[in-house]
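Secondary and tertiary structure notes
Here's the letter readout for the chains.
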Amino acid sequence: MASSTTRKASIHPPSPVSPHLIPADNAPTTSSLQRLLAHAHERYAAHPHSTSREDLWRVLARLDDWTTKMVDQGYLQPLPNAAGPLHQNRTSSILEAWLLGGCIAYSLGDMPRAIEWNYRILRVDPNYVESMSNLAAALRALHRNAEAEAWWVRAVQLRPTYWDAADHLFSLLCAQHRYADAANVLAYVEQHAVPATGPATGDLARYLAIIHAKGTLLYALGNHVAAADAFARVLALAAGYADPAYDAPDSKVTLARLMQRARSALGSKRGGRLLLTPREAQDCLADVFDGDLPALRTVADAQRRQSIAQTTANTLLTLAKILQDAIAAGVAGGDSASPSQQTSSDGGKIANANTLVQIAGHIPSAFDVLPLYYISLALHPSPSTANNIGILLASLAPALPMPSEHSLALEYYRYGLSLDSHHPHLYTNLGSLLKDQGRLAHAVAMYERAVACDPNFDIALANLANAVKDQGRVAEAINYYRRAVAANPGFDEATCGLSNALNSVCDWTGRGSRGVEIRGVDTEGNVCLNPTDGWMARILAIIDTQLSSALAWGRGAIRTDYVKIVQEIVLACGYSGMDDPQLTPWIAELVAAQQSGQDEGGKLMELLEVAARRARWRWYNDLYGSGVDHDDDDSKNKHKSNYHRPQLPDSLPLPAAPTVLPFHTFTIPFTAVQVREISRRTALRVSVTVMRYPWLPKNVYPPPPPPNPYLKVGYVSSDFNNHPLSHLMQSVFGLHRQSIGTEYPVYGICYATTPSDGTTYRQKIEIDANEFVDVSGWSTQAVVERIVQDGIHVLVNLNGFTRGARNEIFACRPAPLSIAFMGFAGSLGAEWSDYILADSVTMPQSAVRHQRSEHRDRILRHHDCANQDSWAYYEDVVFCKHSFFCCDHRQSAPDAKSDSIEANSDSRWETELQRRDAMRADLFPNLAPGTIILANFNQLYKIDPSIFVTWLRILARVPNAVLWLLKFPELGSTNLLSFAKRWAGAEVARRVIFTDVAGKDTHLLRSRVPDLFLDTPECNAHTTATDVIWAGTPILTFPRYDHKMCSRIAASVIVSAASTSTAAGAAGLPQRLIVTSEAQYEERAVGLCSAGGTTGELLSLRKQLFLGRSKAAIFDTPRWTRDIEKAYWMMWKRWTTNGGAITIGEDEDRNLYL
């Protein structure tokens, strides 16, 4: 609607004028025209409620007729030439009539007439700003945008305070996506509309809105500094900080004042507590400003008060959002959750650290941001503000001693929903919070509400997919992932989630093939032999892009904070000062990292963590080293501040974690570089997050006293329940008790990060361990401090990157040494993980890092290695003599006692054959005699199309064979059967048999039934391999990669099963069961089946495995425990003698060999 605003207040009479008072047409005068104008205004204002279009057409005709007669009678003269007040008044009345007529024509949709009437005005008065703006509105309605823009520009230039023209011009430019031009218009208005002394009280609301709109545009354009300066001017005027001579706003001054005042006021009245409830936040204005917002104190008009309050609130909201985004990117104090889990309803690009310094004058913390949100909420309750406060509070929870922030975040999400019950972001974030609390069903309900509010909300769809997948509803998850990808094809998290879900149920259509895969599946479901594009190629491309981008992380940090970084190293290493010659290798590394421009952040983090380890080792040697007088008070009382923990520079942001989780690399054909970098980037994010914990001491944690009489080893795991880890290691913790008095005594303490499930596995470990501590409800700080208090020497990570992991505990370095094994079959890629347990089969030399001899004087060990493209493990390696894999079956399997009862081998073997035949007949009563049972008991996600086609080819070549698989999950079995029918035909597909998953004991016993276990090459059977070997069933395996431990564990189990603890056992077993290619895999399987399962080689292999299990190294848990105890002591002794080594040459061969 065009404006009818004029420069004359008289056209709005105090009371309506009745139509009968309008004089006759034959005598138009100025006074009679004024009465007609009053009547016309009344009719126009009443349209469309009580004035019809016909009435308006009559009014318009009367105005046209009346003004035409007045013009004909000479009443109209160009204003510059109008002589005297009388002629000026007559002319002005006619122009006002035409202005109103133009507005009426516009409202009636007659744009040509509206344009004509406004042109009449401008021919008389070329500077009539109101007419220019109305003319432009009519031109825009006819899509004559260029002409409209020209008239609005002219109007704004003539009178910057004419807000109607500025608003319309701003709207036009934004509609054309010309945001920079729109921002320039607002800047012009801001510069010219208000005198230097500041706006009048009556104009303040409009003026604040103009500046805020400019700031919002600049923010959307990514110019955070200019945007913040605009927002700062709003705050300066609203909060009373404006200088009368204020010309060039500086956000640093305004923000510093406001944040300091807010934190001080809110903290002082709440005992330093800045975590306010929504009710307290709404009442915080009285605390911060001793009453009302200063800008509101002289404004009485309710509408203007509301406008000022809302503009100020929106300004605070956006400023806080800029800072919060920076915190989420890690450039400020605090932590953040995954962006795929938490969503803000505001846009904008994330500011970097240097920008933040320019905006706020320093790197702000989350507790600087919260008061800005609180004031915004108090001024204008908004669901978006409540949402952002909830995100910030939820992100703080891991960094604070107690997780109460989660419940407070919950309050804000619910408060936001009370303001807007259809806000999808609030439902999504509430769902993520509930999911973090383990309330999965409630989380799903919230995600469903979010999707109901916005069916195309990609993040809500992906989060819902993740949640229902965790519930086992994979088919629904796939549907939600597909919808998320359709809504946002560039949403990498959804793409990767979809591919992982499809792979988990063997839905391979469109998968394609990449890497070493010899077969794939195209979009039509056909098997293809050559590399084919598909979603697997898409995943590899996403990771390549992410890892390439990750090399830019931290670029410029060393240059920005060089002096601070060097000072941190000096303090941690105990050097004499900045000119200490011992700094030479450090400075060389810093300079090289800066000059390379690649992975600067990663190299800097590695240097700081090496310095932290050096500080811990110095402290130990100052207290307990050789030559130290332990009775000397000086050595005892050296202050902890002498052992400084290096602090991160403010300019180092939080690195992005790769979209593909390290665990999912097990089933994707990644290269060695990709595998190790995915783990490393994930670990770096953990490191940076932990190093910014506000409760983390400024000094390293004190070292434990020397072992006396035993070494203290802590085991941290979420799997001390009915879980494969407990099945495999349940006797180890009790066996540690037997080490007291031996050469390598160990005292084991288990830290359980999940509550008890009440099973015998949990109960046995709780009873057997020297100490068992349930820390499932503890904060990270509480767990770390307990480990320090317990004096742990070696901390064992039994999770790695698996579900339930608490890697932040290890990143805090509560113990001098850490080692990872059993939970995660790969490198953690972390400086906070010192060792990994392995053997020569699972970790061939090609996959181990080999330093170049010319790098002896370097500190960084992970860069420019001799085998750069093939090494995969960041940790130093403890190489076991036999398999690193621990298996407790000789102690705990349901048939373990039969080995000792039946001493005679022949008798044992005959008994086993009878049991096997009986169980076989019970499980498969309809199988014909002589049928060969091939089997795989892995979860179906480990099967790839290439190996499944190989299995089908084996079935086709061995017509008396069946393939026994598990419904693990059931949807996967349906897809596999469909694939088998399509590719191999109905006859072969009928010989693929699925059964349900069995309980552990039943599974162990029935593992004797198959004749041959066919392993999965991409990711082997692990625990299942030991189960099957224990049962005597031969395993055929193909270690597809040198660099992936997960593809080599079955081979390690076979080799260890063929060996006793003291000598070689079943000679030739590995050579017959371990192959080197998929083609050899097929031929070997067919060859093994050629003589049947009840005679020939398969029976011979079974007998060797079954009779040898009582002495096989793989099942000798006491031997394994003694070996690991020795390894712990070797690690400790090396640390005490050379744990402070800086350069590679000081400790060249870092691997240990048992």
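- Under an unreviewed UniProt entry, the name given to the protein is Glycosyl transferase family 41-domain-containing protein, and the source organism is Lipomyces kononenkoae.

**A look at the overall build of the protein**
- Across its full length, the protein holds 48 helices and 15 strands.
- The burial tally for the protein puts 60% of its 1154 residues in the buried class.
- Residue pairs in contact within the protein that sit at least 24 positions apart in sequence constitute 72% of those at least 6 positions apart.
- Total accessible area on the protein is roughly 43500 Å²; 51% of this is exposed by carbon and sulfur atoms.

**Structural notes on unusual backbone geometry**
- Backbone torsion omega between Asn-708 and Pro-709 reads 5 degrees, so that peptide bond is classified as cis.
- A cis amide bond links Phe-968 with the next residue in sequence, Pro-969, at an omega value of 15 degrees.
- Following the sequence through the fold, Pro-969 ends up in the loop between strand E11 (961–966) and helix H40 (970–984).
- Not every positive phi belongs to a glycine, and Cys-506 is a case in point at roughly 55 degrees.
- Tracing the chain through its elements places Cys-506 in the loop between helix H23 (492–504) and strand E1 (520–521).
- Here Cys-506 falls in the buried class, since its relative accessible area comes to 3%.

**A look at the sheet that holds strand E7 (residues 817–820)**
- Judged by pairing direction, the sheet is parallel, and its 8 strands sit side by side in the order E5-E4-E3-E6-E7-E8-E9-E15 without closing on themselves. Edge positions in the open sheet fall to strand E5 (771–774) and strand E15 (1152–1153), since each of these has one partner strand only.
- Bridging between strand E8 (residues 835–839) and strand E9 (residues 876–880) involves 5 bridges; their strand directions are parallel. Within E9, the position partnered with Asp-839 by the bridge is Cys-880.
- Against the sheet, helix H34 (residues 780–790) contacts strand E3 (711–717), strand E4 (746–752), E5 and strand E6 (794–797), and its axis sits at roughly 170 degrees relative to E4.

**Examining the packing of helix H7 (residues 163–175) against helix H9 (residues 204–220)**
- It is the contact of H7 with H9, at a shortest axis distance of 12 Å, that shows an interaxial angle of 15 degrees. Here H7 lies roughly parallel to H9, going by the angle between them. For the pair H7 and H9, the sense of crossing is left-handed. Each of Trp-163, Asp-167, Phe-170 and Cys-174 in H7 lies in contact with H9, whose residues at this interface are Arg-206, Ile-210, Ala-213 and Leu-217.
- Tallied by class, the residues present in the contact of H7 with H9 amount to 6 nonpolar, no polar and 2 charged.

**A closer look at empty space enclosed by the protein**
- According to the stated counting rule, one finds 12 cavities of 30 Å³ or more in the structure shown.
- Roughly 340 Å³ of volume is contained in the largest cavity.
- Arg-613, Asp-834, Arg-861, Asp-876 and Arg-1150 are, among the 28 residues lining the largest cavity, the residues nearest its centre.
- Elements that contribute at least two residues to the lining of the largest cavity include exactly helix H28 (600–624) and helix H48 (1117–1138).
- Grouping the amino acids of the lining of the largest cavity by side-chain chemistry returns 10 nonpolar, 5 polar and 13 charged.
- By volume, the second largest cavity is sized at about 220 Å³.
- Around the second largest cavity, the lining is made up of 17 residues, and of these Glu-609, Ala-612, Arg-613, Arg-645 and Arg-813 lie nearest the centre.

**Concerning the sheet that holds strand E12 (residues 992–995)**
- Strand order in the open sheet formed by 5 strands is E12-E11-E10-E13-E14, and the pairing between neighbours is parallel. In this open sheet, the two strands that pair with only one neighbour each are E12 and strand E14 (1035–1036).
- Here strand E13 (residues 1012–1014) runs beside E14; their pairing, made up of 2 bridges, is parallel. What sits directly across from Phe-1013, in E14, is Ile-1035.
- Helix-sheet contacts for helix H39 (residues 945–957) involve strand E10 (932–935), E11, E12 and E13, and the interaxial angle to E11 is about 150 degrees.

**Some details on the nonpolar core**
- One finds Leu-63, Ile-104, Tyr-374, Ile-375, Tyr-412 and Phe-670 to be the most contacted residues of the largest nonpolar core, which totals 171 residues.
- Ignoring anything within four residues of it in the chain, the contact list for Tyr-374 reads Leu-266, Leu-274, Leu-275, Leu-276, Ala-281, Cys-284, Ile-389 and Tyr-412.
- Counting 156 residues, the second-largest nonpolar core is a separate cluster that includes Tyr-835, Ile-836, Ala-847 and Trp-1135.

**As for H9**
- In this model, H9 (17 residues) spans 24 Å end to end at C-alpha, consistent with the 24 Å of a helix rising 1.5 Å per residue.
- In terms of burial, H9 is largely enclosed, as 13 of its 17 residues are buried.
- Residue Gly-222 follows H9 closely and has a positive phi angle near 90 degrees.

**Section: the environment of Gly-515**
- Residue position: Gly-515 is located in the loop between H23 and E1.
- On a C-alpha basis, the gap between Gly-515 and Thr-671 in space is 7.9 Å, while along the polypeptide they are 156 residues apart.

**Brief notes about the packing of aromatic side chains**
- The final tally for this structure, using the stated rule, is 29 aromatic pairs.
- Through successive ring pairs, a cluster of aromatic residues spans Phe-663, Phe-666, Phe-801, Phe-824 and Tyr-941.
- For Arg-849, the ring lying beneath its charged end belongs to Trp-871, and the centroid distance is 6.0 Å.
- A cation over a ring is seen here: Lys-1044 above Tyr-1041, with NZ or CZ 4.7 Å from the ring centre.

Rules behind the numbers
- Residues numbered from 1 in each chain as written.
- Predicted model: local features only at pLDDT ≥ 70, side-chain atom pairs only at ≥ 80, totals over all residues.
- Heavy atoms only, no water.
- Helix = DSSP H or I, 4+ residues; strand = E, 2+ residues; numbered from the N terminus.
- Buried < 20%, exposed > 50% of the residue type's maximum accessible area, 1.4 Å probe, protein only.
- Contact = heavy atoms within 4.5 Å.
- Areas by Shrake-Rupley, 256 points an atom, 1.4 Å probe, with all protein chains shown as cover.
- Pairing = 2+ DSSP bridges.
- Axes fitted to C-alpha atoms, helices over the stretch in contact; angles between N-to-C directions.
- Parallel < 35°, antiparallel > 145°, perpendicular 65-115°, else oblique.
- Left-handed = near helix turned anticlockwise from the far one by under 90°.
- Nonpolar A, V, L, I, M, F, W, Y, C, P; charged D, E, K, R; others polar.
- 1 Å grid on protein atoms, 1.4 Å probe; cavity = no way out; pocket = protein on both sides within 12 Å on 5 of 7 lines; lining within 4 Å.
- Points joined across faces, edges and corners; volume = space filled by probe spheres on them.
- Core = buried A, V, L, I, M, F, W, Y, C linked by side-chain atoms within 4.5 Å.
- Expected span 1.5 Å × (residues − 1).
- Phe/Tyr/Trp six-rings, centres within 6.5 Å; stacked < 30°, edge-to-face > 60°.
- Lys NZ or Arg CZ within 6 Å of the ring centre and 35° of its normal.

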